[in-house]
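Structural characterization, general
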Amino acid sequence: LPLLLKATLLRLASGSYHPFYNGFYYNHIMNDNDDGQDKVDYFNGAKLVVETSKDPVYSYNGANVTLPCHYRYEPDLGPKRKIRIKWSKLRDDYTKEQDVLVAIGKTSMAFGDFKGRAHIHQASRHEASLVISDVRLKDDGKYRCEVIDGLEDESDVVDLQLQGIVFPYQPPRGQYRLNFHEAEQVCQDQGAILANFNQLFQAWSEGLDWCNAGWLADGTVQYPIRLPRKPCGGVHLAPGIRSYGPRHRHLHRFDAFCFSSALKGEVFFLDRLAGMTLEEAKQSCQDAGAEIARVGQLYSAWKFLGLDRCNAGWLADGSVRYPIVTPRANCGPAEPGVRSFGFPSKGRFGVFCYRER
(Lines give C-alpha, C1' and ligand atoms only; values in the text may rest on other atoms or scores of the structure.)
Protein backbone atom coordinates (compact mmCIF):
# COMPACT_ATOMS: atom_id res chain seq x y z
CA LEU A 1 0.00 0.00 0.00
CA PRO A 2 2.75 2.58 0.78
CA LEU A 3 4.36 1.92 -2.61
CA LEU A 4 1.00 2.31 -4.34
CA LEU A 5 0.35 5.62 -2.57
CA LYS A 6 3.85 6.83 -3.44
CA ALA A 7 3.32 6.00 -7.11
CA THR A 8 -0.03 7.80 -7.05
CA LEU A 9 1.52 10.89 -5.49
CA LEU A 10 4.25 10.96 -8.12
CA ARG A 11 1.68 10.71 -10.92
CA LEU A 12 -0.26 13.55 -9.30
CA ALA A 13 2.85 15.75 -9.20
CA SER A 14 3.53 15.13 -12.86
CA GLY A 15 -0.07 15.75 -13.86
CA SER A 16 -0.42 12.30 -15.43
CA TYR A 17 -2.92 10.87 -12.89
CA HIS A 18 -6.30 9.46 -13.89
CA PRO A 19 -9.31 11.05 -12.15
CA PHE A 20 -11.52 8.76 -10.10
CA TYR A 21 -15.32 8.68 -10.06
CA ASN A 22 -16.79 10.78 -7.26
CA GLY A 23 -20.52 11.06 -7.96
CA PHE A 24 -20.33 14.21 -10.11
CA TYR A 25 -22.10 14.01 -13.44
CA TYR A 26 -21.28 15.70 -16.73
CA ASN A 27 -23.76 15.79 -19.60
CA HIS A 28 -21.99 16.05 -22.96
CA ILE A 29 -24.48 17.71 -25.33
CA MET A 30 -23.60 18.03 -28.96
CA ASN A 31 -24.96 20.90 -31.01
CA ASP A 32 -26.79 19.28 -33.94
CA ASN A 33 -27.58 22.51 -35.74
CA ASP A 34 -24.21 22.45 -37.52
CA ASP A 35 -23.77 26.15 -36.84
CA GLY A 36 -20.05 25.87 -36.11
CA GLN A 37 -20.37 26.16 -32.31
CA ASP A 38 -18.29 23.90 -30.14
CA LYS A 39 -19.57 21.19 -27.86
CA VAL A 40 -20.86 22.52 -24.53
CA ASP A 41 -20.34 20.68 -21.22
CA TYR A 42 -23.12 21.04 -18.69
CA PHE A 43 -22.38 20.27 -15.06
CA ASN A 44 -24.89 18.96 -12.52
CA GLY A 45 -23.82 18.70 -8.89
CA ALA A 46 -21.70 20.53 -6.31
CA LYS A 47 -19.21 23.24 -7.21
CA LEU A 48 -15.68 23.03 -5.78
CA VAL A 49 -14.28 26.37 -4.56
CA VAL A 50 -10.62 26.92 -3.50
CA GLU A 51 -9.54 30.08 -1.67
CA THR A 52 -6.18 31.35 -0.43
CA SER A 53 -5.12 34.63 1.16
CA LYS A 54 -5.71 37.64 -1.09
CA ASP A 55 -3.03 39.57 0.81
CA PRO A 56 0.64 38.56 0.71
CA VAL A 57 1.94 36.35 3.50
CA TYR A 58 5.11 37.85 5.00
CA SER A 59 7.98 35.90 6.51
CA TYR A 60 11.77 36.01 6.81
CA ASN A 61 14.81 33.78 6.42
CA GLY A 62 14.86 30.90 8.92
CA ALA A 63 11.27 31.31 10.09
CA ASN A 64 8.30 28.94 9.80
CA VAL A 65 5.33 30.09 7.74
CA THR A 66 1.83 28.83 6.89
CA LEU A 67 0.33 29.53 3.47
CA PRO A 68 -3.46 29.36 4.02
CA CYS A 69 -5.70 27.42 1.65
CA HIS A 70 -9.28 26.28 2.20
CA TYR A 71 -11.82 24.63 -0.06
CA ARG A 72 -15.57 24.09 0.08
CA TYR A 73 -18.44 22.72 -1.93
CA GLU A 74 -21.50 24.64 -3.04
CA PRO A 75 -23.80 23.14 -1.89
CA ASP A 76 -22.00 21.50 1.04
CA LEU A 77 -21.51 17.76 0.56
CA GLY A 78 -21.46 16.96 4.26
CA PRO A 79 -18.66 14.78 5.69
CA LYS A 80 -15.12 15.42 4.49
CA ARG A 81 -14.22 13.64 1.26
CA LYS A 82 -10.87 12.06 0.38
CA ILE A 83 -9.49 14.66 -2.00
CA ARG A 84 -6.06 15.27 -3.52
CA ILE A 85 -3.99 18.37 -2.77
CA LYS A 86 -1.11 19.68 -4.83
CA TRP A 87 1.08 22.69 -3.99
CA SER A 88 3.44 24.14 -6.59
CA LYS A 89 5.62 27.23 -6.85
CA LEU A 90 5.30 29.53 -9.84
CA ARG A 91 8.61 30.50 -11.42
CA ASP A 92 9.63 34.10 -12.07
CA ASP A 93 10.45 33.31 -15.71
CA TYR A 94 7.04 31.65 -16.29
CA THR A 95 8.56 28.27 -17.10
CA LYS A 96 7.10 25.02 -15.73
CA GLU A 97 5.89 25.25 -12.14
CA GLN A 98 8.06 23.71 -9.43
CA ASP A 99 6.43 20.82 -7.54
CA VAL A 100 6.38 21.48 -3.79
CA LEU A 101 4.09 18.85 -2.25
CA VAL A 102 1.25 16.47 -3.11
CA ALA A 103 -1.07 14.73 -0.66
CA ILE A 104 -3.86 12.17 -0.65
CA GLY A 105 -5.62 11.86 2.67
CA LYS A 106 -2.98 11.75 5.42
CA THR A 107 -0.20 10.67 3.06
CA SER A 108 1.97 13.37 1.49
CA MET A 109 5.24 13.76 -0.37
CA ALA A 110 7.43 16.86 -0.67
CA PHE A 111 9.88 17.46 -3.53
CA GLY A 112 13.28 19.04 -4.14
CA ASP A 113 14.41 21.68 -1.66
CA PHE A 114 11.10 21.32 0.18
CA LYS A 115 11.78 17.74 1.33
CA GLY A 116 11.67 17.67 5.13
CA ARG A 117 10.45 21.29 5.25
CA ALA A 118 6.91 21.19 3.83
CA HIS A 119 3.75 19.53 5.08
CA ILE A 120 -0.03 19.97 4.93
CA HIS A 121 -1.80 21.63 7.85
CA GLN A 122 -5.40 20.39 8.25
CA ALA A 123 -6.57 21.71 11.60
CA SER A 124 -10.12 22.20 10.38
CA ARG A 125 -12.51 20.68 7.87
CA HIS A 126 -11.72 21.51 4.23
CA GLU A 127 -8.28 22.98 5.06
CA ALA A 128 -5.32 22.41 2.72
CA SER A 129 -2.79 24.93 4.08
CA LEU A 130 0.94 24.49 3.42
CA VAL A 131 3.48 24.82 6.24
CA ILE A 132 7.09 25.60 5.26
CA SER A 133 9.70 25.39 8.00
CA ASP A 134 13.14 27.00 8.02
CA VAL A 135 12.18 29.43 5.24
CA ARG A 136 14.94 30.08 2.70
CA LEU A 137 15.58 33.06 0.47
CA LYS A 138 14.52 31.16 -2.65
CA ASP A 139 11.13 30.36 -1.09
CA ASP A 140 9.96 33.89 -1.86
CA GLY A 141 7.32 33.89 -4.59
CA LYS A 142 3.84 32.77 -5.63
CA TYR A 143 2.41 29.36 -4.73
CA ARG A 144 -0.55 27.53 -6.24
CA CYS A 145 -2.89 25.51 -4.03
CA GLU A 146 -4.71 22.96 -6.19
CA VAL A 147 -7.53 20.73 -4.93
CA ILE A 148 -8.59 17.76 -7.05
CA ASP A 149 -11.79 15.79 -6.44
CA GLY A 150 -12.33 13.40 -9.31
CA LEU A 151 -13.10 15.48 -12.39
CA GLU A 152 -13.21 18.67 -10.36
CA ASP A 153 -9.90 20.55 -10.25
CA GLU A 154 -9.75 24.06 -8.79
CA SER A 155 -6.86 26.21 -7.57
CA ASP A 156 -5.88 29.60 -6.20
CA VAL A 157 -2.56 31.43 -5.73
CA VAL A 158 -0.99 32.92 -2.60
CA ASP A 159 2.05 35.23 -2.51
CA LEU A 160 4.85 34.58 0.00
CA GLN A 161 7.05 37.64 0.45
CA LEU A 162 10.23 37.61 2.51
CA GLN A 163 11.10 40.72 4.45
CA GLY A 164 14.53 41.71 3.25
CA ILE A 165 16.79 44.20 1.59
CA VAL A 166 18.08 44.63 -1.97
CA PHE A 167 21.64 45.85 -2.50
CA PRO A 168 23.63 46.43 -5.71
CA TYR A 169 26.85 44.49 -6.04
CA GLN A 170 29.97 44.91 -8.15
CA PRO A 171 32.89 42.45 -7.94
CA PRO A 172 36.44 43.59 -7.09
CA ARG A 173 37.38 43.80 -10.76
CA GLY A 174 34.89 46.59 -11.45
CA GLN A 175 31.63 47.59 -13.09
CA TYR A 176 29.72 45.42 -15.59
CA ARG A 177 31.87 42.30 -15.28
CA LEU A 178 29.20 39.65 -14.49
CA ASN A 179 27.16 37.48 -16.79
CA PHE A 180 23.91 36.10 -15.38
CA HIS A 181 25.41 32.93 -13.90
CA GLU A 182 28.31 34.81 -12.32
CA ALA A 183 25.81 37.28 -10.85
CA GLU A 184 23.88 34.39 -9.28
CA GLN A 185 27.12 33.10 -7.75
CA VAL A 186 28.36 36.40 -6.33
CA CYS A 187 25.02 37.01 -4.62
CA GLN A 188 25.15 33.51 -3.14
CA ASP A 189 28.72 34.14 -1.98
CA GLN A 190 27.47 37.23 -0.10
CA GLY A 191 24.71 35.37 1.77
CA ALA A 192 22.02 36.48 -0.68
CA ILE A 193 20.28 35.57 -3.95
CA LEU A 194 19.54 37.52 -7.11
CA ALA A 195 16.59 39.82 -6.42
CA ASN A 196 13.34 39.48 -8.34
CA PHE A 197 11.45 42.41 -9.85
CA ASN A 198 8.99 42.74 -6.95
CA GLN A 199 11.86 42.96 -4.49
CA LEU A 200 13.63 45.59 -6.58
CA PHE A 201 10.40 47.57 -6.94
CA GLN A 202 9.86 47.47 -3.17
CA ALA A 203 13.44 48.68 -2.62
CA TRP A 204 12.87 51.50 -5.13
CA SER A 205 9.67 52.54 -3.32
CA GLU A 206 11.72 52.69 -0.09
CA GLY A 207 14.32 54.98 -1.66
CA LEU A 208 16.83 52.86 -3.60
CA ASP A 209 18.37 54.95 -6.41
CA TRP A 210 21.14 53.28 -8.41
CA CYS A 211 22.30 54.26 -11.87
CA ASN A 212 24.12 51.01 -12.75
CA ALA A 213 22.16 48.25 -14.46
CA GLY A 214 22.09 44.84 -12.79
CA TRP A 215 20.80 41.32 -13.30
CA LEU A 216 17.54 40.12 -11.73
CA ALA A 217 16.46 36.55 -11.06
CA ASP A 218 14.36 36.30 -14.24
CA GLY A 219 17.32 37.11 -16.50
CA THR A 220 16.31 40.71 -17.15
CA VAL A 221 18.59 43.70 -16.53
CA GLN A 222 17.12 46.74 -14.77
CA TYR A 223 17.96 49.59 -12.41
CA PRO A 224 15.97 51.83 -10.02
CA ILE A 225 15.93 55.64 -10.38
CA ARG A 226 14.36 58.01 -7.86
CA LEU A 227 15.98 61.22 -9.15
CA PRO A 228 15.98 61.40 -12.99
CA ARG A 229 19.28 62.65 -14.40
CA LYS A 230 21.12 62.66 -17.69
CA PRO A 231 23.39 59.63 -17.22
CA CYS A 232 20.47 57.52 -15.97
CA GLY A 233 18.02 57.54 -18.86
CA GLY A 234 17.63 61.30 -19.14
CA VAL A 235 16.09 64.10 -17.11
CA HIS A 236 12.75 63.91 -18.93
CA LEU A 237 11.94 60.34 -17.93
CA ALA A 238 9.82 59.86 -14.81
CA PRO A 239 11.26 58.12 -11.76
CA GLY A 240 10.91 54.33 -11.88
CA ILE A 241 12.57 51.05 -12.78
CA ARG A 242 14.54 51.34 -16.02
CA SER A 243 14.67 48.07 -17.95
CA TYR A 244 16.97 46.66 -20.61
CA GLY A 245 14.70 43.62 -20.84
CA PRO A 246 16.01 40.05 -21.08
CA ARG A 247 19.71 39.82 -21.91
CA HIS A 248 21.91 36.94 -23.10
CA ARG A 249 22.79 35.06 -19.90
CA HIS A 250 26.29 34.09 -21.07
CA LEU A 251 27.45 36.93 -23.31
CA HIS A 252 26.11 40.13 -21.71
CA ARG A 253 27.71 41.55 -18.59
CA PHE A 254 26.29 43.85 -15.93
CA ASP A 255 26.28 44.25 -12.15
CA ALA A 256 23.91 42.34 -9.83
CA PHE A 257 21.03 43.24 -7.55
CA CYS A 258 21.15 40.88 -4.58
CA PHE A 259 18.45 40.17 -1.97
CA SER A 260 19.12 39.26 1.65
CA SER A 261 16.65 38.69 4.48
CA ALA A 262 16.76 38.87 8.28
CA LEU A 263 19.57 37.04 10.06
CA LYS A 264 19.58 34.02 12.35
CA GLY A 265 22.62 35.43 14.12
CA GLU A 266 24.44 38.68 14.90
CA VAL A 267 27.00 40.92 13.21
CA PHE A 268 29.55 42.61 15.47
CA PHE A 269 32.67 44.74 15.03
CA LEU A 270 36.22 43.96 16.14
CA ASP A 271 39.26 46.23 15.97
CA ARG A 272 42.84 46.59 17.05
CA LEU A 273 44.71 49.78 17.77
CA ALA A 274 46.82 49.38 14.63
CA GLY A 275 44.03 47.83 12.55
CA MET A 276 44.26 44.49 10.72
CA THR A 277 45.02 43.10 7.31
CA LEU A 278 42.32 41.01 5.67
CA GLU A 279 43.92 37.72 6.77
CA GLU A 280 44.37 39.00 10.34
CA ALA A 281 40.71 40.10 10.30
CA LYS A 282 39.53 36.62 9.29
CA GLN A 283 41.58 35.07 12.08
CA SER A 284 40.23 37.53 14.66
CA CYS A 285 36.66 36.50 13.81
CA GLN A 286 37.59 32.81 14.13
CA ASP A 287 39.21 33.50 17.50
CA ALA A 288 35.90 35.06 18.60
CA GLY A 289 33.96 31.92 17.60
CA ALA A 290 32.59 33.56 14.47
CA GLU A 291 33.38 34.08 10.77
CA ILE A 292 34.08 37.21 8.80
CA ALA A 293 30.74 38.70 7.72
CA ARG A 294 29.49 38.74 4.16
CA VAL A 295 28.06 41.78 2.43
CA GLY A 296 24.47 40.54 2.62
CA GLN A 297 24.83 39.93 6.34
CA LEU A 298 26.08 43.47 6.92
CA TYR A 299 23.17 44.97 4.96
CA SER A 300 20.68 42.80 6.86
CA ALA A 301 22.18 43.76 10.24
CA TRP A 302 22.00 47.43 9.24
CA LYS A 303 18.36 47.24 8.13
CA PHE A 304 16.85 44.79 10.63
CA LEU A 305 19.08 45.03 13.71
CA GLY A 306 19.97 48.72 13.56
CA LEU A 307 23.73 48.13 13.29
CA ASP A 308 25.37 51.56 13.31
CA ARG A 309 29.14 51.82 13.29
CA CYS A 310 31.26 54.71 12.10
CA ASN A 311 34.31 52.45 11.74
CA ALA A 312 35.34 50.79 8.50
CA GLY A 313 35.73 47.03 8.57
CA TRP A 314 36.72 44.17 6.34
CA LEU A 315 34.13 41.82 4.85
CA ALA A 316 34.55 38.33 3.37
CA ASP A 317 34.77 39.52 -0.25
CA GLY A 318 37.75 41.76 0.54
CA SER A 319 35.71 44.96 0.58
CA VAL A 320 35.76 47.52 3.37
CA ARG A 321 32.42 48.99 4.48
CA TYR A 322 30.55 50.41 7.45
CA PRO A 323 26.82 50.78 8.28
CA ILE A 324 25.24 54.08 9.33
CA VAL A 325 21.69 54.28 10.73
CA THR A 326 22.01 57.79 12.19
CA PRO A 327 24.03 60.09 9.88
CA ARG A 328 26.46 62.37 11.65
CA ALA A 329 29.62 64.38 11.09
CA ASN A 330 32.63 62.48 9.75
CA CYS A 331 30.50 59.40 8.92
CA GLY A 332 29.79 59.98 5.25
CA PRO A 333 26.72 61.40 3.47
CA ALA A 334 23.65 62.80 5.16
CA GLU A 335 21.53 59.73 4.41
CA PRO A 336 21.52 56.37 6.22
CA GLY A 337 23.20 53.53 4.37
CA VAL A 338 26.11 51.14 4.07
CA ARG A 339 29.22 53.06 3.03
CA SER A 340 31.92 51.43 0.93
CA PHE A 341 35.67 52.00 0.61
CA GLY A 342 35.82 49.53 -2.27
CA PHE A 343 38.40 46.71 -2.33
CA PRO A 344 41.66 48.15 -0.98
CA SER A 345 44.77 46.10 -1.77
CA LYS A 346 46.56 47.60 1.21
CA GLY A 347 45.53 49.14 4.48
CA ARG A 348 44.58 48.07 7.99
CA PHE A 349 41.01 48.22 9.23
CA GLY A 350 38.67 46.65 11.74
CA VAL A 351 36.43 43.72 10.80
CA PHE A 352 32.74 42.82 10.89
CA CYS A 353 32.13 39.28 12.11
CA TYR A 354 29.02 37.09 11.97
CA ARG A 355 28.04 34.53 14.59
CA GLU A 356 25.03 32.23 14.65
CA ARG A 357 22.80 32.51 17.70
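The name given to the protein in an unreviewed UniProt entry is HPLN3 protein, with the source organism recorded as Panurus biarmicus. Comment text from UniProt for the protein, heading Subcellular location (unreviewed entry), reads "Secreted, Extracellular space, Extracellular matrix".

So, the overall build of the protein
Check the secondary structure of the protein and you find five helices and 25 strands. A buried classification covers 45% of the 357 residues belonging to the protein. The contacts of the protein with a sequence gap of at least 6 include a subset with a gap of at least 24, amounting to 60%. Roughly 18,700 Å² of accessible area belongs to the protein as shown, and the carbon and sulfur atoms make up 51% of that amount.

Structural notes on the confidence of the model for the protein
Looking at the protein as a whole, its pLDDT mean stands at 88, while 85% of the residues score no less than 70. Taken as a whole, residues 16–34 scores under 50 in pLDDT and shows 44 contacts with residues more than four places along the chain or in a different chain.

Some details on the sheet that holds strand E7 (residues 84–89)
Taken in spatial order, the six strands line up as E4-E13-E12-E7-E8-E9 in an open sheet, and their pairing is mixed. Looking along the sheet, the strands with just one partner apiece sit at the ends: strand E4 (57–59) and strand E9 (107–110). Between one strand axis and the next, the sheet turns by 20 degrees as a mean value, whatever way the strands run. With four bridges connecting them, strand E8 (residues 98–104) and E9 associate as antiparallel partners. Across the sheet, Ala 103 pairs through a bridge with Ser 108, a residue of E9.

Let's talk about the nonpolar core
Counting 87 residues, the largest nonpolar core has Leu 67, Trp 87, Leu 130, Tyr 143, Val 267 and Phe 352 as the members making the most contacts within it. Looking at this core, the element that brings in the most residues is helix H5 (residues 295–304), giving five residues.

Comments concerning the sheet that holds strand E10 (residues 118–121)
One open sheet holds the three strands; their spatial order is E5-E11-E10, and the pairing between them is antiparallel. At either margin of the open sheet sits one strand with a lone partner, and together these are strand E5 (65–67) and E10. Along the sheet, successive strands turn relative to each other by an average axial angle of 30 degrees, direction set aside. Direction of pairing for E5 relative to strand E11 (residues 129–132): antiparallel, over a ladder of three bridges. Looking at the pairing, Leu 67 lines up with Leu 130 of E11.

As for the state of the cysteines
Think of a disulfide as a covalent bridge from one cysteine sulfur atom to another cysteine sulfur atom. Taken as a whole, this structure holds five disulfides when the rule is applied. In this model, Cys 187 is linked to Cys 258 through a disulfide, with the two sulfur atoms separated by 2.1 Å. Taking the sign of the S-S torsion, -80 degrees for the link of Cys 187 and Cys 258, the bridge is left-handed. Taken as a pair, Cys 187 in helix H2 (residues 180–189) and Cys 258 in strand E19 (residues 255–261) lie far apart in primary sequence, 71 residues in all. Residue Cys 187 shares its accessibility class with Cys 258, and that shared class is buried. Along the protein, the cysteines engaged in disulfide bonds are linked according to the scheme 1-2, 3-6, 4-5, 7-10, 8-9 when indexed in sequence order.

Section: the side chain of Glu 146
Tracing the chain through its elements places Glu 146 in strand E12 (residues 141–149). No salt bridge is formed by the buried Glu 146; the nearest opposite charge belongs to Lys 86, separated by 4.7 Å. Residues contacting Glu 146, with those up to four places away along its chain left out, are Arg 84, Ile 85, Lys 86, Asp 153, Glu 154 and Ser 155.

Here is what the cut-offs are and how they apply
- Residues numbered from 1 in each chain as written.
- Predicted model: local features only at pLDDT ≥ 70, side-chain atom pairs only at ≥ 80, totals over all residues.
- Heavy atoms only, no water.
- UniProt positions renumbered as here; feature names shortened; annotations may be inferred.
- Helix = DSSP H or I, 4+ residues; strand = E, 2+ residues; numbered from the N terminus.
- Buried < 20%, exposed > 50% of the residue type's maximum accessible area, 1.4 Å probe, protein only.
- Contact = heavy atoms within 4.5 Å.
- Areas by Shrake-Rupley, 256 points an atom, 1.4 Å probe, with all protein chains shown as cover.
- pLDDT = per-residue confidence, 0-100.
- Pairing = 2+ DSSP bridges.
- Axes fitted to C-alpha atoms, helices over the stretch in contact; angles between N-to-C directions.
- Core = buried A, V, L, I, M, F, W, Y, C linked by side-chain atoms within 4.5 Å.
- Disulfide = S-S within 2.5 Å.
- Lys, Arg positive; Asp, Glu negative; His and termini not counted.
- Salt bridge = Lys/Arg side-chain N within 4 Å of Asp/Glu carboxyl O.

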